[in-house]
Amino acid sequence: GFDLFVQPDVSRVTVQEGDMLILCTDGAWSVIEDHEFAELSTSVPNVNALSQAIVQLAAERGSDDNASAIAVHVQYLSTEAEPVSQRRGL
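These numbers were taken from a predicted model, which means no experiment stands behind them.

Procedures and definitions
Residues numbered from 1 in each chain as written. Predicted model: local features only at pLDDT ≥ 70, side-chain atom pairs only at ≥ 80, totals over all residues. Heavy atoms only, no water. Helix = DSSP H or I, 4+ residues; strand = E, 2+ residues; numbered from the N terminus. Buried < 20%, exposed > 50% of the residue type's maximum accessible area, 1.4 Å probe, protein only. Contact = heavy atoms within 4.5 Å. Arc of directions from axis to C-beta. Polar contact = N/O pair within 3.5 Å; in protein donor to acceptor, adjacent residues only side chain to side chain. Core = buried A, V, L, I, M, F, W, Y, C linked by side-chain atoms within 4.5 Å.

1. With respect to the overall build of the protein
Stage number 1. In terms of regular secondary structure, the protein is built from three helices and two strands.
Stage number 2. Ordered by position from the N terminus, the helices and strands of the protein form the series β-α-α-α-β.
Stage number 3. Considering the protein as a whole, with its 90 residues, one finds that 18% of them fall into the buried category.
Stage number 4. Considering only contacts within the protein whose residues lie at least 6 apart along the sequence, 69% involve residues at least 24 apart.

Structure representation (structure tokens):
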């Protein structure tokens, strides 16, 4: 953002082992549809390639903003809940 203080969008979601999380800037999600993210996440072999594929697709579609993407594959979840006082976040 251009402002001195930027407020991020924050959401809580329940994840399961095997889930794929994609975090991206508006330069990517403004030109890629939700179903396309889902298709890419199942067809691209790994998270590094997925991040690159998202940025490349945004560039090919002529995004007029910077495009960044991070993909995370949830492989293992602890069965123990983390105490609330120790949770960290933005």
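So that's the structure; there's more coming.
2. Here's the deal with helix α2 (residues 34-43)
Stage number 1. Those residues of α2 that fall on the buried side of the exposure criterion are E36, F37 and L40. Buried residues of α2 fall within an arc of 105 degrees about the axis and therefore sit on the same side. In α2, those exposed residues whose orientation departs by more than 90 degrees from the buried face are D34 and T42.
Stage number 2. Where α2 is buried, its residues touch β1 (20-24), α1 (26-29) and α3 (47-60).

3. A look at the side chain of S51
Stage number 1. If you trace the backbone, S51 turns up in helix α3.
Stage number 2. Reaching out from S51, the side chain makes a polar contact with the backbone nitrogen of A71 at a distance of 3.1 Å.
Stage number 3. Non-local contacts of S51, meaning those with residues more than four positions away in its chain, are made with A69, I70 and A71.

4. Observations concerning the nonpolar core
Stage number 1. Counting 11 residues, the largest nonpolar core consists of A28, I32, F37, L40, V44, L50, I54, L57, A58, A69 and A71.
Stage number 2. Secondary structure elements with two or more residues in this core: α2, α3 and β2 (69-73).
Stage number 3. Sort the elements by how many residues they give to this core and α3 lands first, with four residues.
Stage number 4. Discounting residues that sit within four places of it in the chain, A58 has contacts with G27, A28, V31, I32, S63 and A67.

5. What about the side chain of S63?
Stage number 1. Counting through the fold element by element, S63 comes out in the loop between α3 and β2.
Stage number 2. Separated by 2.6 Å, the side chain of S63 and the backbone oxygen of G27 make a polar contact.
Stage number 3. Polar side-chain contacts of S63 include one of 3.3 Å to the backbone oxygen of D65.
Stage number 4. Beyond its immediate sequence surroundings of up to four residues, S63 is in contact with G27, S30, V31 and A58.

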